[in-house]
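Report on the structure
Read off the chains here:
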Amino acid sequence: MAVLKVKFTKTKRDKLAQVLWILNWVSVVSGIILFSLGLFLKIEIKKRNEVMAKGDINSVPNMLISVGVIACIINFLGGKICYDCSDANKFSRWKLVMLPYIVCTFCFTFCILLGALMCYTMRNELEESLYLGLRDAIKFYKDTDIPGRCFLKKTVDMLQIGFQCCGNNGFRDWFEVQWVSARYLNMASKEVLDRLKSNVDGKFLVDGVPFSCCNPSSPRPCIQYQLTNNSAHYNYDFLTEELNIWVKGCREALLDYYTAIMRSIGIAALLVWLFELSVLIGVRYLQTAMKNVLLLGDLEGESDGWLLENSFVETAKYNINIIKNLGKANQISTLSGMNDPNIDVQNTNCGKNNVTAKSIPAAS
């Protein structure tokens with residue numbers, strides 16, 4: 001029994017073809033939107049890849065870009081097919097193409113759904129990439145004279161100012177690394193030498209942060225050095241007083257920023273998926289209705305259209321059997337009672353086994 005069978009008149013078939021032609025062109029625009037969203041996300045990730053570890057974080061934008069390009073191509077072809085389907089004579093040219101087109105489009109719509117879901121599952125990979133990238137960026141913050149790392153100081157400073165954050169997990173991350181370049185240390189100072197000797201690795205560690213961690217909205221001048229020393233500052237208690245530096249870590253700030261972007265892109269991709277699925281359903285109805293018109297032979301009469309010719313269970317069993325039988329077409333059966341038509345060739349003498357050869361007359 002056919003699933004969701006609908007009866008179409010000639011007028012309804014023509015209107016359906018016209019509406020689907022318009023919707024396919026709208027789908028081309030939706031493909032451009034998906035391409036643009038993927039490109040935007042890729043650019044946003046590219047802007048800050050200096051503070052991201054190498055990973056598979058570009059899989060989502062690459063998927064959206066690919067799906068957007070394919071959507072434009074498929075829907076452009078779908079618009080041409082639906083336009084021709086308003087004429088039964090033109091439909092005969094696409095009759096053999098439409099079913100493979102519908103199957104390919106169904107697989108493509110699944111890719112759109114997959115891309116939308118990936119926007120919501122990318123958070124863990126992005127968080128790990130940011131953690132490792134920011135850790136290395138802070139570690140090499142002081143290396144302003146080393147090629148390949150000289151840009152990191154500016155990158156981290158602009159990041160902390162722009163996103164109002166400090167450190168990787170928080171401002172205390174700066175306490176664990178030497179972020180002051182050795183060229184700016186006064187090696188004649190006893191305090192500097194004592195700090196270098198007190199550290200096992202010979203690093204100059206201070207309980208301070210770079211200037212980019214300072215909150216310009218704070219009512220008092222920025223305290224960026226000796227943050228844990230209450231006696232070094234007037235009327236100051238780092239445990240109870242709100243610090244005048246950014247407390248939020250940059251990993252959390254960036255993660256919130258990218259999560260908001262990907263959530264919006266995911267919603268847009270889901271809407272595009274639902275729209276593409278509705279167009280695909282309409283194309284399926286048009287294909288079956290036009291096919292039945294040709295079978296009936298009455299181009300002006302009514303015809304039935306459906307999503308599936310048989311029930312879901314029967315369709316599933318049929319497709320499973322097709323998959324199971326793939327590759328068996330060229331196999332020669334060796335089961336008893338089954339003959340190979342290429343081996344058992346019938347005798348062509350029609351049962352005349354004893355045919356007397358004509359004698360050749362002797363020469364006189």
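Residues numbered from 1 in each chain as written. Predicted model: local features only at pLDDT ≥ 70, side-chain atom pairs only at ≥ 80, totals over all residues. Heavy atoms only, no water.

Quick word on the state of the cysteines
For the coordinates displayed, the defined rule picks out three disulfides. A disulfide bridge connects Cys165 with Cys250, and the sulfur atoms are separated by 2.1 Å. Handedness here is read from the sign of the S-S torsion; for Cys165 and Cys250, about 85°, the answer is right-handed. Of the two residues, Cys165 is situated in the loop between helix H5 (152–163) and helix H6 (190–198) and Cys250 in helix H7 (residues 250–296); the sequence distance between them amounts to 85 residues. Paired through a disulfide, Cys166 and Cys213 show a sulfur-sulfur distance of 2.1 Å. Measuring the twist about the S-S bond at about 85°, one finds the Cys166-Cys213 disulfide to be right-handed. Of the two residues, Cys166 is situated in the loop between H5 and H6 and Cys213 in the loop between H6 and H7; the sequence distance between them amounts to 47 residues. The exposure class of Cys166 is buried, given its relative accessible area of 0%. When the bonded cysteines of the protein chain are counted from the start of the sequence, the pairing works out to 1-6, 2-3, 4-5. (Disulfide = S-S within 2.5 Å. Helix = DSSP H or I, 4+ residues; strand = E, 2+ residues; numbered from the N terminus. Buried < 20%, exposed > 50% of the residue type's maximum accessible area, 1.4 Å probe, protein only.)

Description of the nonpolar core
If you look at the biggest cluster of nonpolar residues, it comprises 80 residues, and the most contacted ones within it are Leu126, Phe171, Trp174, Val209, Leu227, Val283 and Leu286. Those elements that place two or more of their residues in this core are helix H1 (10–47), helix H2 (59–84), helix H3 (88–121), helix H4 (123–139), H5, H6 and H7. The element that contributes the greatest number of residues to this core is H7, accounting for 18 residues. A domain split of this core shows at least three residues from each of domain 1 (2–137 + 252–311) and domain 2 (171–247). Excluding residues within four positions of it along the chain, Leu227 makes contact with Phe171, Phe175, Asp207, Gly208, Val209, Tyr236, Phe238 and Ile245. (Core = buried A, V, L, I, M, F, W, Y, C linked by side-chain atoms within 4.5 Å. Domains from an automatic or database assignment. Contact = heavy atoms within 4.5 Å.)

Digging into the UniProt feature "transmembrane region" (unreviewed entry) in the protein chain
Residues annotated in UniProt with the feature "transmembrane region" (unreviewed entry) correspond here to residues 20–40, 60–78, 98–120 and 265–286. Split by type, residues 20–40 is 100% helix and 0% strand. Its first and last C-alpha atoms lie 30 Å apart. Its end C-alpha atoms 34 Å apart, residues 98–120 is made of 100% helix and 0% strand. (UniProt positions renumbered as here; feature names shortened; annotations may be inferred.)

Details of the pattern of salt bridges
Oppositely charged side chains are able to pair whenever their charged atoms sit close together. Per the counting criterion, the structure on display carries 11 salt bridges. Linking Asp143 and Lys142 is a salt bridge whose minimum nitrogen-to-oxygen distance equals 3.5 Å. Residue classification places Asp143 among the buried residues on the basis of a relative accessible area of 10%. With a relative accessible area of 24%, Lys142 lands in the partly exposed category. The salt bridge involving Lys248 is made with Asp256; its shortest N-O contact spans 3.2 Å. For Lys248, a relative accessible area of 34% puts it in the partly exposed group. Through salt bridges with shared partners, a single ionic network connects Glu44, Lys47 and Arg48. (Salt bridge = Lys/Arg side-chain N within 4 Å of Asp/Glu carboxyl O.)

Quick look at the packing of H1 against H2
Remark: H1 packs on H2, axes separated minimally by 7 Å, with the N-to-C direction vectors making an angle of 165°. Judged on the interaxial angle alone, H2 and H1 are roughly antiparallel. Crossing handedness for the pair H1 and H2: left-handed. (Axes fitted to C-alpha atoms, helices over the stretch in contact; angles between N-to-C directions. Parallel < 35°, antiparallel > 145°, perpendicular 65-115°, else oblique. Left-handed = near helix turned anticlockwise from the far one by under 90°.)

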